[in-house]
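# Structural characterization, general
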Amino acid sequence: MEMKRKFKMGLIGLSAAFLVACSSGSGDKLTVGTDAAYAPFESLDGDKIVGFDVELLDAVMKEAGLDYELKNKGWDPLFIALQNEEVDAGISAITINDDRKKSYDFSSPYFESINMILAKEGTSIKSAKDLEGMKVSVQNGTTGQAALEKMFGKNENIKKYENNVLAIQALLNGEVEAVVADNAVVQEYEKNNPDKKLVTISDKENFESEFYGIIFPKDGEHQEEINKAMKKIIDDGKYAEIYKKWFGEEPNVDVLKQ
Ligand code: ARG
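Residues numbered from 1 in each chain as written. Predicted model: local features only at pLDDT ≥ 70, side-chain atom pairs only at ≥ 80, totals over all residues. Heavy atoms only, no water.

## A word on the environment of D67
Relative to the elements of secondary structure, D67 occurs in the loop between α2 (52–64) and β5 (68–72). Considering only alpha carbons, one finds D67 and Y110, 43 residues apart in sequence, at a separation of 20 Å. Discounting chain neighbours no more than four positions away, the residues touching D67 are D28, K29 and L30. (Helix = DSSP H or I, 4+ residues; strand = E, 2+ residues; numbered from the N terminus. Contact = heavy atoms within 4.5 Å.)

Quick look at the structure:
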């Protein structure tokens, strides 16, 4: 009896040691970076990162059988970390574009987006063209900044902030007349803050449709398995389930397959 028990305990000990060795020793836990100040895609709830991107990433990584850790790096530092290969990937509502493709790789697209204007109620702004000569805030290095610079050239009226929360704060403080950021983010903020008396203005002529992708250092190792997993969760309805939870409606997945 005693012998049997000892043997059993030994086995448990051995298998525990084996598990520890596998999960920590092999070093294949991926680090994924984000800038958790872009609700509903990624934001902090206490010290937990929550959002559509967070749940999508989790579903993709589970499907791909990859162990990972999501770290809140901040926006500009995330791109530096990708270049230094300090992170294996990033998910942060990041638009796939030609400029970024020169330095990074992307997964297949997972979300369609477009820039949008956030302003105070009673504003005279009706389209992006009306922003000419006005002080407008953007998050530094975003497609919102690029869209404004394309229309009006680089100029000092475009106020660049480290994150989008600060860009919105500048509007609330009266430092700028408008914010330009991704439509879902701007709409979420307006909806959740009725007391701030804000309006959103869309402009499908002057802003272009964009697609988000998971970003990787150039020639990283995981694109293929992540794309396979992404396709699987889009096809099997897991993607739609997460989308509905965060956006309250069915996604148009066909647009991701073009
Ligand atoms: N989609 C825009 C871009 O890629 C803005 C993304 C900002 N994301 C964030 N987590 N702050 O430039």
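Here the narrative resumes, following the displayed structure.
## A word on the sheet that holds strand β4 (residues 48–50)
If you trace the three strands from one edge of the open sheet to the other, you get β2-β3-β4, paired in antiparallel fashion. The strands lining the two open edges of the sheet, one partner per strand, are β2 (37–38) and β4. Bridge count between β2 and strand β3 (residues 42–45): two bridges; the pairing is antiparallel. Looking at the pairing, Y38 lines up with E42 of β3. (Pairing = 2+ DSSP bridges.)

## Notes on the site of the ligand
The environment of the ligand is made up of 14 residues, and the closest members are S92, A93, R100, Q139 and D182. Taking A93, its main chain carries an N or O atom lying 2.8 Å from a nitrogen atom of the ligand. Out of a free accessible area of 340 Å², the ligand has 100% covered by protein chains. For the shell around the ligand, a count of residues per class yields five nonpolar, five polar and four charged. (Near = heavy atom within 4 Å. Polar contact = N/O pair within 3.5 Å; in protein donor to acceptor, adjacent residues only side chain to side chain. Areas by Shrake-Rupley, 256 points an atom, 1.4 Å probe, with all protein chains shown as cover. Nonpolar A, V, L, I, M, F, W, Y, C, P; charged D, E, K, R; others polar.)

## Examining the domain arrangement of the protein
Per the domain assignment, the segments of the protein are domain 1 (27–110 + 213–252) and domain 2 (114–209). On a C-alpha basis, the centroid separation for the pair domain 1 and domain 2 is 24 Å. Contact residues are listed per partner, giving 13 residues for domain 1 and 14 residues for domain 2. The largest per-residue losses of area from domain 1 upon contact with domain 2 belong to A37, Y38 and W75, which jointly make up 46% of the total buried on that side. Our count for the contact surface shared by domain 1 and domain 2 stands at zero salt bridges. Run the count over domain 1 and domain 2 and you get five residue pairs in polar contact (both at pLDDT 80 or more). Only β2 and α3 (75–83) provide two or more residues apiece to the side of domain 1 that touches domain 2. Here the residues of the side of domain 1 that touches domain 2 are counted per class, giving eight nonpolar, two polar and three charged. (Domains from an automatic or database assignment. Buried area = accessible area lost by both parts, 1.4 Å probe. Salt bridge = Lys/Arg side-chain N within 4 Å of Asp/Glu carboxyl O.)

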